[in-house]
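The lines below spell out each chain.
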Amino acid sequence: MEEQDDFLMEDFDFNYDEIIAYIRVNLPQELKDRFTDDQLTYIIDTIDDYYIDSDIINSEPDEEGYVTVDLEKLADYIVKEAAKDEIGTFEPEEILLVVQAEMDFEESQIPE
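Residues numbered from 1 in each chain as written. Predicted model: local features only at pLDDT ≥ 70, side-chain atom pairs only at ≥ 80, totals over all residues. Heavy atoms only, no water.

Asks: Talk me through the packing of helix H2 (residues 16–26) against helix H5 (residues 92–108); I want residue IDs and the actual numbers.
Replies: Relative orientation of the contacting elements H2 and H5 amounts to 125 degrees, with a least axis distance of 9 Å. Regarding the angle of H2 to H5, the classification is oblique. Considering the relative orientation of H2 and H5, their crossing is right-handed. Where H2 abuts H5, its residues Glu18, Ile19, Tyr22, Ile23 and Asn26 lie against Val98, Ala101, Glu102, Asp104, Phe105 and Glu106. (Axes fitted to C-alpha atoms, helices over the stretch in contact; angles between N-to-C directions. Helix = DSSP H or I, 4+ residues; strand = E, 2+ residues; numbered from the N terminus. Parallel < 35°, antiparallel > 145°, perpendicular 65-115°, else oblique. Left-handed = near helix turned anticlockwise from the far one by under 90°. Contact = heavy atoms within 4.5 Å.)

As structure tokens, then:
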């Protein structure tokens with residue numbers, strides 16, 4: 001598990017402030033104040049946990065270099081974990097928007 005965590009940290013230089021600012025700008029107006037910075041940080045970390053727990057990290061990419069992620073399963077995972085860890089009660093639809101914004105941010109960081 002530690003090796004996979006190191007792998008994630010090497011591939012992505014996490015700057016939570018940047019990611020959170022990007023997410024906030026890209027959320028619909030009614031959700032911009034729905035999440036605290038701590039909750040968004042938790043969600044970002046839980047996305048990585050999902051990739052590790054579901055073994056997506058070891059999945060083979062398609063011809064274009066992409067790995068398919070079931071966003072509904074990911075959102076459900078985050079909702080469940082956040083409730084279990086008493087971070088907050090969220091709707092999967094809200095989390096999907098956060099996940100999409102986080103994924104868009106990560107994609108924007110890939111050099112062309």
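Asks: Could you give me a rundown of the pattern of salt bridges, with the residues and numbers involved?
Replies: Inspection of the entire model under this criterion finds three salt bridges. One salt bridge connects Arg24 with Asp37, and the closest N-O pair in it is separated by 2.7 Å. Here Arg24 is found in helix H2, whereas its partner Asp37 is found in helix H3 (residues 37–53), with 13 residues between them in sequence. Taking relative accessible area as the criterion, Arg24 reaches 21% and is therefore assigned partly exposed. (Salt bridge = Lys/Arg side-chain N within 4 Å of Asp/Glu carboxyl O. Buried < 20%, exposed > 50% of the residue type's maximum accessible area, 1.4 Å probe, protein only.)

Asks: Please give an account of the packing of H3 against H5 that cites residues and values.
Replies: In the contact formed by H3 and H5, the axes pass within 11 Å of each other and the chain directions differ by 80 degrees. Classified by the interaxial angle, the pair formed by H3 and H5 is roughly perpendicular. Contacts between H3 and H5 involve Leu40, Ile43, Ile44, Ile47 and Tyr51 on the former and, on the latter, Ile95, Val98, Val99, Glu102 and Met103. Residues that form the contact of H3 with H5 fall into these classes: nine nonpolar, no polar and one charged. (Nonpolar A, V, L, I, M, F, W, Y, C, P; charged D, E, K, R; others polar.)

Asks: Could you give me a rundown of the environment of Tyr77, with the residues and numbers involved?
Replies: Its location among the elements puts Tyr77 in helix H4 (residues 71–84). In sequence terms Tyr77 and Ile95 are 18 residues apart; their C-alpha atoms lie 9.9 Å from each other. Once residues lying within four places of it in the same chain are set aside, the contact partners of Tyr77 are Thr46, Asp49, Tyr50 and Asp53.

Asks: Tell me what's going on with the nonpolar core, and back it up with residues and numbers.
Replies: For soluble globular proteins, nonpolar side chains are generally found buried alongside one another. Counting residues in each nonpolar core, the largest one holds 27 residues, and the members touching the most others are Ile23, Phe35, Ile43, Ile78 and Ile95. For this core, the secondary structure elements donating two or more residues are H2, H3, H4 and H5. Broken down by element, this core gets its largest block of residues, seven residues, from H3. In this structure, Ile43 is in contact with Phe35, Ile78, Ile95 and Val98, ignoring residues within four places of it in sequence. (Core = buried A, V, L, I, M, F, W, Y, C linked by side-chain atoms within 4.5 Å.)

Asks: Describe H3, with residues and values.
Replies: A rise of 1.5 Å per residue sets the reference length of H3, with its 17 residues, at 24 Å; its end C-alpha atoms lie 24 Å apart and thus fit the reference within 8%. Buried within H3 are the following residues: Gln39, Leu40, Tyr42, Ile43, Ile44, Thr46, Ile47, Asp48, Tyr50, Tyr51 and Ile52. Asp55 sits one or two residues past H3 and shows a positive phi near 65 degrees. (Expected span 1.5 Å × (residues − 1).)

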